[in-house]
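What the coordinates show
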Number of protein chains: 2
Amino acid sequence: METRELRYFVAVAEERHFGRAAERLGIAQPPLSRAIAALERRLGARLFERTTREVALTDAGAVLLAEGRAALDAVLAAEQRTRRAAHGPGIVLVAKAGASAELLAKLLDAYAAEPGAVEVDVQLCAVHQAPWLRSGRADVGLLHRPYDDLSGFDTEDLLSEGQSLFVRRGHPLASRTELRTSELADLPLPRWPRPDGGYPDGPGPEVRDLTQLRQLISLDRAIAVLPDSISQGGDDLVGIPVVDAEPVTTLIAWPPHSRSRAVADLVRCATRL
Amino acid sequence: METRELRYFVAVAEERHFGRAAERLGIAQPPLSRAIAALERRLGARLFERTTREVALTDAGAVLLAEGRAALDAVLAAEQRTRRAAHGPGIVLVAKAGASAELLAKLLDAYAAEPGAVEVDVQLCAVHQAPWLRSGRADVGLLHRPYDDLSGFDTEDLLSEGQSLFVRRGHPLASRTELRTSELADLPLPRWPRPDGGYPDGPGPEVRDLTQLRQLISLDRAIAVLPDSISQGGDDLVGIPVVDAEPVTTLIAWPPHSRSRAVADLVRCATRL
DNA sequence: CCGCATTGATACCCCACCGGTATCAGTGCC
DNA sequence: GGCACTGATACCGGTGGGGTATCAATGCGG
């Protein structure tokens, strides 16, 4: 199976429409129909149930969609990491902007002091670091359990912390000393983007990143449950511990094939912090 | 990057010889040279240092070899699992022949009693179950830590046990009641095949699977350190606990993309045993 | 030191296949 | 029943992947 065929299949599976998929792929619809038909013939499996009104995945098609996405990610990652390796010996670390700032600083300092340390390009992204690792844009990342999907990565836990509800100073809840998750059920908590970029439905505000969220809280336009360490001096946020909230673990994650010396050194540094 | 190019690259990287790689791929040498050159041009990375006498991987080439193998595995797995899904709703479980027999039997019974259970095709392989999972020949496997390479899989621990030195009844060590790893250093322990099929060097006998090993021990042609549960009634093996040996954990492992109901049910069954 | 064997690169040719346009055929809807 | 929509089919042209023949560089043996 060629990656071109997989890309074609995934496009049709996601669009559920040959015409739109062809447009997205930058080709005409007939060659796309033929490519899918040829793929089905060689796999000996019907992948779509088509009528002129609807294109639906079969069971086999659903399997190929899940597996094929992962396979395309792996091919893309191979390409990206090779390109970067040819450029120089540096590695790319991805972390969530505004989170684990202190831990990240300590880690970078400790690694820089290591003999044989290479340049570390730090990429701070809004949310969803995992796709950076899966697509090969990054070599190692600081992720958070249970928020990030860790499947397929090797990981080492770095630190665990509780969660608090953060509100503006003066908020009705600001005087409380502790809360329970049962009390949070009806609050308009912020909505984070899904991996596909859309937002779930709900009453809370849509947020893109932690900086934006912190400002919204300061403006009393949002309240949010976040790890304790989010609190930074200088702004008028109040954190009320949610005593029975699931603890959040910051961990370092990397793709398991990576036998790179630099990543191994960085991970070792992190676990010794 | 197309999988054809990746296959070509991996063949050259493994053979370190364009002629032999071309033969292995079933094509002539010139198109292979051109394909690699085109790949290097598009990646902007030199992958091999070639002289007429030697072909060596560059740093970027080493990265592409590691990542590319994983990517090819993922593509192959997508193809295999799709083929199998089209055939019917069953799943394939792979386990090591002769190991965890009791656990496996209980698991299969428990799962069969589950509502919505599908057919489970049990594949017993000699060693190295992990490649079955990586290549898509199996959907779920019983593996052993620390023996198997678990990287890239989701896992759930099932049971942990100590290890014993197994010898024939009457062997000089058979009268001992316990041993320490330090006493085993000079013993001719059996040599298992590496993933590539070759055997490491050493004084012990080469073994292919547990049945063969058990028979060799019965014939006093081998002694081996194995998990306690290997012992089965009826043969003349004696197990002497190695009190400070690393415990062996039997676990159930599956590829993380698998969102299949059947695999999830099986895993849930296993954790409840 | 000079052939010579070895091996990767180059030149050139052919055809398979991918993609394009035109068109057909099945289906739901007004 | 006509019409819009959508996937499949027919046919054609060009790119590029694969083949053979050959060159060029390198190490080795006489």
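Above this note sits the structure.
Residues numbered from 1 in each chain as written. Chains lettered and ligands numbered in written order. Predicted model: local features only at pLDDT ≥ 70, side-chain atom pairs only at ≥ 80, totals over all residues. Heavy atoms only, no water.

If you tally the helices and strands in chain A, you get eight helices and ten strands. Each principal axis of the C-alpha distribution contributes one length, and for chain A these read about 65 × 50 × 30 Å. For chain A, the proportion of its 273 residues judged to be buried stands at 45%. Total accessible area on chain A is roughly 13,500 Å²; 50% of this is exposed by carbon and sulfur atoms. Of the side-chain charges in chain A, 33 are positive and 38 negative, and the distance between the mean point of each set is 6 Å. (Helix = DSSP H or I, 4+ residues; strand = E, 2+ residues; numbered from the N terminus. Buried < 20%, exposed > 50% of the residue type's maximum accessible area, 1.4 Å probe, protein only. Areas by Shrake-Rupley, 256 points an atom, 1.4 Å probe, with all protein chains shown as cover. Lys, Arg positive; Asp, Glu negative; His and termini not counted. Charge placed at Lys NZ, Arg CZ, Asp CG, Glu CD.)

Residue and element names in this part refer to chain A. Evaluated as defined, the whole model comprises 44 salt bridges over all chains. A salt bridge links R176 to E183; the shortest N-O distance between them is 2.9 Å. Judged by its relative accessible area of 36%, E183 is partly exposed. Between R268 and D265 there is a salt bridge, with its nearest N and O atoms 2.4 Å apart. With R268 and D265 both in helix α8 (residues 261-271) and three residues apart, the pair spans about one turn of that helix. Residue R268 is classed as partly exposed on the basis of its relative accessible area, which comes to 36%. With relative accessibility at 3%, the residue D265 sits in the buried group. (Salt bridge = Lys/Arg side-chain N within 4 Å of Asp/Glu carboxyl O.)

All names here are of chain B. Between helix α1 (residues 3-15) and helix α4 (residues 59-87), whose axes approach to 9 Å, the crossing angle comes to 130 degrees. Judged by the inter-axis angle, α1 sits oblique to α4. As for the relative orientation of α1 and α4, their crossing is left-handed in sense. Residue-level contacts link T3, L6, R7, F9, V10, A13 and E14 of α1 to G61, L64, L65, G68, R69, A71, L72 and V75 of α4. (Axes fitted to C-alpha atoms, helices over the stretch in contact; angles between N-to-C directions. Parallel < 35°, antiparallel > 145°, perpendicular 65-115°, else oblique. Left-handed = near helix turned anticlockwise from the far one by under 90°. Contact = heavy atoms within 4.5 Å.)

We now examine the protein's contact with DNA strand C. Every one of the 21 residues lining DNA strand C counts as a neighbour, but Y8, A28, R34 and T52 of chain A together with R50 of chain B are closest to it. Each atom of DNA strand C within 4 Å of the protein belongs either to a base or to sugar and phosphate, the latter forming 64%. Backbone polar atom of A28 of chain A to a phosphate oxygen of DNA strand C: 2.7 Å apart, as the coordinates give it. A distance of 3.4 Å is found between a phosphate oxygen of DNA strand C and a side-chain nitrogen or oxygen belonging to H17 of chain B. Those elements that place two or more of their residues in the surface near DNA strand C are α1 (3-15) and α3 (29-43) of chain A together with α2 (18-25) and α3 (29-43) of chain B. (Near = heavy atom within 4 Å. Polar contact = N/O pair within 3.5 Å; in protein donor to acceptor, adjacent residues only side chain to side chain.)

Another point: the interface of chain B and chain A. Opposite the 34 residues of chain B that make contact, chain A presents 34 residues. Buried area between chain B and chain A, summed over both chains or domains, comes out near 2,900 Å², and the portion from carbon and sulfur atoms is 63%. Looking at the side of chain B facing chain A, the largest losses of area belong to M1, E67 and T82 of chain B, adding up to 20% of the total buried there. Viewed at the interface, chain A and chain B are joined by four salt bridges. Here E2 of chain A ties to R7 of chain B by a salt bridge, and the two come within 3.2 Å at their closest N and O atoms. The tally of links between chain B and chain A comes to 14 residue pairs in polar contact (both at pLDDT 80 or more). (Buried area = accessible area lost by both parts, 1.4 Å probe.)

Between the two copies, chain B and chain A, the superposition gives an RMSD of 0.1 Å; the rotation angle is 180 degrees and the shift along the axis is 0.0 Å. Such a combination of turn and shift is consistent with a two-fold rotation axis. Taking the C-alpha atom as reference, chain B places G152 of chain B closest to the rotation axis, 2.1 Å from it. Of the interface residues in chain B, 100% have counterparts in chain A that sit at the interface too, so the contact is made through matching surfaces. (Least-squares fit on C-alpha atoms with pLDDT ≥ 70 in both.)

With that out of the way, let us pick up the pairing of strand β4 (residues 120-125) of chain B. Two strands pair when backbone bridges link them, and strand β3 (residues 91-96) of chain B and β4 of chain B are joined in this way by six bridges, in the parallel orientation. Residue pairing in the sheet places A95 of chain B in a bridge with L124 of chain B of β4 of chain B. (Pairing = 2+ DSSP bridges.)

Attention shifts here to the protein's contact with DNA strand D. Every one of the 21 residues lining DNA strand D counts as a neighbour, but S33 and R50 of chain A together with A28, R34 and T52 of chain B are closest to it. Between a phosphate oxygen of DNA strand D and a side-chain N or O atom of H17 of chain A, the distance comes to 3.4 Å. Note that a phosphate oxygen of DNA strand D is positioned 2.7 Å from one of the backbone N or O atoms of A28 of chain B. Along the lines of polarity and charge, the residues of the surface near DNA strand D split into eight nonpolar, eight polar and five charged. (Nonpolar A, V, L, I, M, F, W, Y, C, P; charged D, E, K, R; others polar.)

We now examine the sheet that holds strand β4 (residues 120-125) of chain A. All names here are of chain A. In spatial order, the strands read β4-β3-β5-β10-β6; together these five strands make up an open sheet with mixed pairing. Here the strands that pair on one side only, and so sit at the sheet edges, are β4 and β6 (154-161). Mean inter-strand twist for the sheet, computed between neighbouring axes without regard to direction, equals 25 degrees. The strands touched by α8 are β3 (91-96), β5 (140-145), β6 and β10 (248-254); relative to β10, the strand with the most contacts, the crossing angle is about 160 degrees.

What follows deals with the sheet that holds strand β6 (residues 154-161) of chain B. What holds strands together in a sheet is hydrogen bonding between their backbones, with the strands either parallel or antiparallel. All names here are of chain B. Reading across from one edge, β4-β3-β5-β10-β6 is the order of the five strands in this open sheet, with mixed pairing throughout. Looking at which strands have only one partner, the edges of the open sheet turn out to be β4 and β6. Strand-to-strand twist in this sheet, taken as the mean axis angle between neighbours without regard to direction, amounts to 25 degrees. Judged from the five bridges that link them, strand β5 (residues 140-145) and strand β10 (residues 248-254) form a sheet pairing that is antiparallel. Looking at β10, one finds that H144 is bridged to T250. Lying over the sheet, helix α5 (residues 101-112) contacts β3, β4, β5, β6 and β10, oriented at roughly 170 degrees with respect to β4.

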